[in-house]
Amino acid sequence: MSAKSKILLTGGGGMVGRNLLEVAAARNVEIIAPSSRELDLMDRLAVSSYLKYLKPDCVIHAAGRVGGIQANLREPVLFLVQNWDMGQNLIMAARDAGIKQLINLGSSCMYPRNSPDALREEDVLSGALEPTNEGYAIAKCAVARLCDYIQRENPEYHYKTLIPCNLYGRYDKFDPAHSHLVPAVIHKLHRAKENGVAAVDIWGDGSARREFMYAGDLANAILSAIDRFDTLPNLMNVGLGHDFAVNDYYRVGAQIVGYTGEFEHDLTKPVGMMRKLTDVSRAQDWGWSAETSLEDGLRATYSYYLESGVANVLSAG
Ligand SMILES: NC(=O)c1ccc[n+]([C@@H]2O[C@H](COP(=O)([O-])OP(=O)(O)OC[C@H]3O[C@@H](n4cnc5c(N)ncnc54)[C@H](OP(=O)(O)O)[C@@H]3O)[C@@H](O)[C@H]2O)c1
Ligand SMILES: C[C@@H]1O[C@H](OP(=O)(O)OP(=O)(O)OC[C@H]2O[C@@H](n3cnc4c(=O)[nH]c(N)nc43)[C@H](O)[C@@H]2O)[C@@H](O)[C@H](O)[C@@H]1O
């Protein structure tokens, strides 16, 4: 894509979007990123007229209704309806506006549950989904397939999907009502350290495994995808290629936060998939690999948690 290309980003106010905008700014890549108040993706007519007016050369779809296992269990209707409506509205409007290049973000939750092996792109829709996030996963699969079908019907359109593994990093959601594992680890351990709490609860027995990648690495991957769009595979996992047990995230988190207390396992809490490791060979063949270690990523995320004031807001709540 040329330096003059006009790039539209949805979800610019979210964790992935804000990391992408930071990395793009550092490389003098201009990206147009309307907030949800400026462009509500649930409003089909507004999306259609916006795209016909703006006529971007490429669209990056990073908006979504996103949350951890507890939010998905609580509101499956919202996760299904909003992620499908936003994706359909944007992608159909892009097609009808004649926009030829689009990068859609899926999620490793799209994959069938409980696969002992690393998940390959061709495994999408090859088995039953994880019940704890089924609504979200159905929407993600449907939007990814919509992109694929548009390409099949219109070969001059290139609507590609990246499938990120679990993510964490600066600008993440730390509110326990919505957070994923890693921000929950940071928030719970910080609060326990500050309040002298003797033991922190871990949901489940801690043996579930997760592949959490630093969001800054995904931002770099998306920028590479923009730069080298023509060689980008139509469907590509973006992950670490290795995972850790839930207990490991708490152990390393305790080192970073400075928590020296004990842990207790709450077996009444939901654990979701026992594993959802992505196979990253397609990305490696394409010339991309993640670079940030868990320790470095946790350290940067904890610094953000402290410096952004999130810690104080959540402590006051
Ligand atoms: N976080 C993860 O672990 C993870 C893992 C794999 C894939 N992904 C995917 O990566 C993408 C970004 O995730 P994230 O973690 O950055 O999510 P996030 O922090 O929750 O951000 C979501 C973004 O979507 C926007 N949005 C929500 N409803 C909207 C609407 N009706 N109209 C326009 N914009 C709307 C939000 O805008 P406002 O802030 O203005 O509401 C926000 O900027 C999503 O597609 C997600 O499925 C995330
Ligand atoms: C990428 C996201 O993956 C999500 O699944 P999923 O990895 O289980 O989502 P998480 O909420 O990150 O949970 C990951 C694992 O961490 C365990 N866990 C341990 N302690 C905690 C805690 O205090 N808070 C949280 N949240 N988890 C905790 C949890 O039981 C689960 O096995 C999907 O629900 C979303 O839709 C999204 O796709």
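Keep in mind the model is a prediction, meaning the values are calculated, not measured.

Examining the overall build of the protein chain
Inference 1: Summing up its helical and strand segments, the protein chain has eleven helices and twelve strands in all.
Inference 2: The C-alpha atoms of the protein chain give 19 Å as radius of gyration, which agrees with the globular expectation for 317 residues (20 Å, within 12%).
Inference 3: The principal-axis extents of the C-alpha atoms in the protein chain amount to approximately 60 × 40 × 35 Å.
Inference 4: The buried share of the protein chain, taken over its 317 residues, is 54%.
Inference 5: Summarising the internal contacts of the protein chain: among those between residues at least 6 apart in sequence, 84% fall at separations of at least 24.
Inference 6: For the protein chain, the accessible area works out to roughly 13900 Å², and carbon and sulfur atoms hold 50% of it.
Inference 7: With 32 positive and 38 negative side-chain charges, the protein chain shows a spacing of 4 Å between the two charge centroids.

A short note on the site of ligand 1
Inference 1: In the vicinity of ligand 1, 26 residues are found, and the nearest of them are V16, S36, Y136, K140 and K173.
Inference 2: Note that an oxygen atom of ligand 1 is positioned 3.3 Å from one of the backbone N or O atoms of G13.
Inference 3: Residue K173 places a side-chain N or O atom 2.7 Å away from an oxygen atom belonging to ligand 1.
Inference 4: Compared with its free state, where it exposes 900 Å², ligand 1 has 85% of that area covered by protein.
Inference 5: Here the shell around ligand 1 is built from residues that sort into 14 nonpolar, nine polar and three charged.

Points about the side chain of D123
Inference 1: By the secondary structure assignment, D123 is in the loop between β4 (101-105) and α5 (134-153).
Inference 2: In contact with D123, not counting residues within four places along its chain, are Y111, P112 and A118.

Some points on the UniProt feature "binding site: substrate" (unreviewed entry) in the protein chain
Inference 1: UniProt annotation of "binding site: substrate" (unreviewed entry) refers to K188, W203 and R210 when read in the numbering used here.
Inference 2: Here W203 shows up in strand β7 (residues 199-203).
Inference 3: Setting aside residues no more than four positions away along its own chain, W203 makes contact with I69, Q70, K188, Y250, D266, K269, P270 and V271.
Inference 4: Along the polypeptide, R210 turns up in strand β8 (residues 209-210).
Inference 5: The class of R210 is buried, set by a relative accessible area of 9%.
Inference 6: Once residues within four sequence positions are removed from consideration, R210 is found in contact with N166, D243, F244, Y249, V271, G272, M273, M274, R275 and K276.

Things to note about the nonpolar core
Inference 1: Counting residues in hydrophobic clusters, the biggest one holds 63 residues, and the most contacted among them are I60, L218 and I222.
Inference 2: A per-element tally of this core places helix α7 (residues 215-227) first, with eight residues.
Inference 3: Residues L54, M92, I99 and Y159 belong to the second largest nonpolar core, which totals 23 residues.

Describing the packing of helix α6 (residues 181-195) against helix α8 (residues 246-257)
Inference 1: Axis separation between α6 and α8 bottoms out at 9 Å; the angle between their running directions is 45°. If you check the angle between α6 and α8, you find them oblique. Between α6 and α8 lies a crossing whose hand is right-handed. Residues L181, V182, V185, I186, K188, L189, H190 and K193 of α6 form the contact with α8, whose own contacting residues are V246, Y249, Y250, G253, A254 and V257.
Inference 2: Among the residues forming the contact of α6 with α8, the class breakdown is ten nonpolar, two polar and two charged.

A look at the site of ligand 2
Inference 1: Within the structure, ligand 2 sits among 24 residues, and C109, K188, Y250, P270 and V271 are positioned closest to it.
Inference 2: I69 places a main-chain nitrogen or oxygen 2.9 Å from an oxygen atom of ligand 2.
Inference 3: One of the backbone nitrogen or oxygen atoms of W203 is found 3.3 Å away from a nitrogen atom of ligand 2.
Inference 4: Across the complex, the protein chains shield 97% of the 700 Å² of accessible surface that ligand 2 would expose by itself.
Inference 5: Elements that contribute at least two residues to the shell around ligand 2 include exactly α3 (69-74), α6 and α8.

Calculation criteria
Residues numbered from 1 in each chain as written. Chains lettered and ligands numbered in written order. Predicted model: local features only at pLDDT ≥ 70, side-chain atom pairs only at ≥ 80, totals over all residues. Heavy atoms only, no water. Helix = DSSP H or I, 4+ residues; strand = E, 2+ residues; numbered from the N terminus. Rg over C-alpha atoms; globule rule 2.2 N^0.38 Å. Buried < 20%, exposed > 50% of the residue type's maximum accessible area, 1.4 Å probe, protein only. Contact = heavy atoms within 4.5 Å. Areas by Shrake-Rupley, 256 points an atom, 1.4 Å probe, with all protein chains shown as cover. Lys, Arg positive; Asp, Glu negative; His and termini not counted. Charge placed at Lys NZ, Arg CZ, Asp CG, Glu CD. Near = heavy atom within 4 Å. Polar contact = N/O pair within 3.5 Å; in protein donor to acceptor, adjacent residues only side chain to side chain. Nonpolar A, V, L, I, M, F, W, Y, C, P; charged D, E, K, R; others polar. UniProt positions renumbered as here; feature names shortened; annotations may be inferred. Core = buried A, V, L, I, M, F, W, Y, C linked by side-chain atoms within 4.5 Å. Axes fitted to C-alpha atoms, helices over the stretch in contact; angles between N-to-C directions. Parallel < 35°, antiparallel > 145°, perpendicular 65-115°, else oblique. Left-handed = near helix turned anticlockwise from the far one by under 90°.

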